[in-house]
Amino acid sequence: MALEKPYLDVPGTIIFDAEQSRKGYWLNQFCMSLMKAENRERFKANERAYLDEWAMTEEQKQAVLARDLNWCMRTGGNIYFLAKIGATDGKSFQQMAGSMTGMTEEEYRAMMMGGGRSAEGNRYVGEDGDAQAHRQPQGSAGQQNQESK
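Model, not experiment: these values are computed from the prediction.

**Student:** Requested: an account of the packing of helix H2 (residues 25-33) against helix H7 (residues 79-88), with residues and values cited.
**Tutor:** Between H2 and H7, the shortest axis-to-axis distance is 8 Å and the interhelical angle comes to 45 degrees. What the angle tells us is that H2 and H7 run oblique. Of the two elements, H2 crosses H7, and the hand of that crossing is left-handed. Residue-level contacts link Leu-27, Asn-28, Phe-30, Cys-31 and Met-32 of H2 to Phe-81, Leu-82, Lys-84 and Ile-85 of H7. A breakdown of the residues in the contact of H2 with H7 according to their chemical character gives seven nonpolar, one polar and one charged.

Structure below.
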């Protein structure tokens, strides 16, 4: 019996749950291997050959080769593990996050310094203005914030 996953209704969000963890196990293990300098060197010398040593799916390997972190996440990658790929490439987490949002590093920094992405349109798929108020469970932090306004 499948578990109910109400969090799947959050637009643009991939929740790293048990299912994603199972799906991305070897992708995330590959990422963790990049913590060792000798593995980073081997990967940089021949990325495809190094990836082929891991029991990853072909799609996961292609996502890594494309450096498409959103694709990696859809195939089970966890952003904290995927950060090892960015570090191997000499990228900051901020540069990586910018690439995931379609923004330049500067645009991403400015958005975050300005308070982050607006919650409007980013609460639920089908949000209609009042959707948040009637879809949140009682006692959640969001409900308490709404009531205190």
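**Student:** Tell me about the confidence of the model for the protein, residues and numbers included.
**Tutor:** The pLDDT averaged across the protein works out to 81; a share of 78% of its residues lies at or above 70. Low pLDDT (under 50) marks residues 129-149, which in the prediction has 15 contacts with non-local residues, meaning those over four places away or in another chain.

**Student:** Describe the side chain of Asn-78, naming the residues involved and giving the relevant values.
**Tutor:** Its place among the elements puts Asn-78 in the loop between helix H6 (69-74) and H7. Exposure remark for Asn-78: the relative accessible area of 11% places this residue in the buried category.

Conventions we followed
- Residues numbered from 1 in each chain as written.
- Predicted model: local features only at pLDDT ≥ 70, side-chain atom pairs only at ≥ 80, totals over all residues.
- Heavy atoms only, no water.
- Axes fitted to C-alpha atoms, helices over the stretch in contact; angles between N-to-C directions.
- Helix = DSSP H or I, 4+ residues; strand = E, 2+ residues; numbered from the N terminus.
- Parallel < 35°, antiparallel > 145°, perpendicular 65-115°, else oblique.
- Left-handed = near helix turned anticlockwise from the far one by under 90°.
- Contact = heavy atoms within 4.5 Å.
- Nonpolar A, V, L, I, M, F, W, Y, C, P; charged D, E, K, R; others polar.
- pLDDT = per-residue confidence, 0-100.
- Buried < 20%, exposed > 50% of the residue type's maximum accessible area, 1.4 Å probe, protein only.

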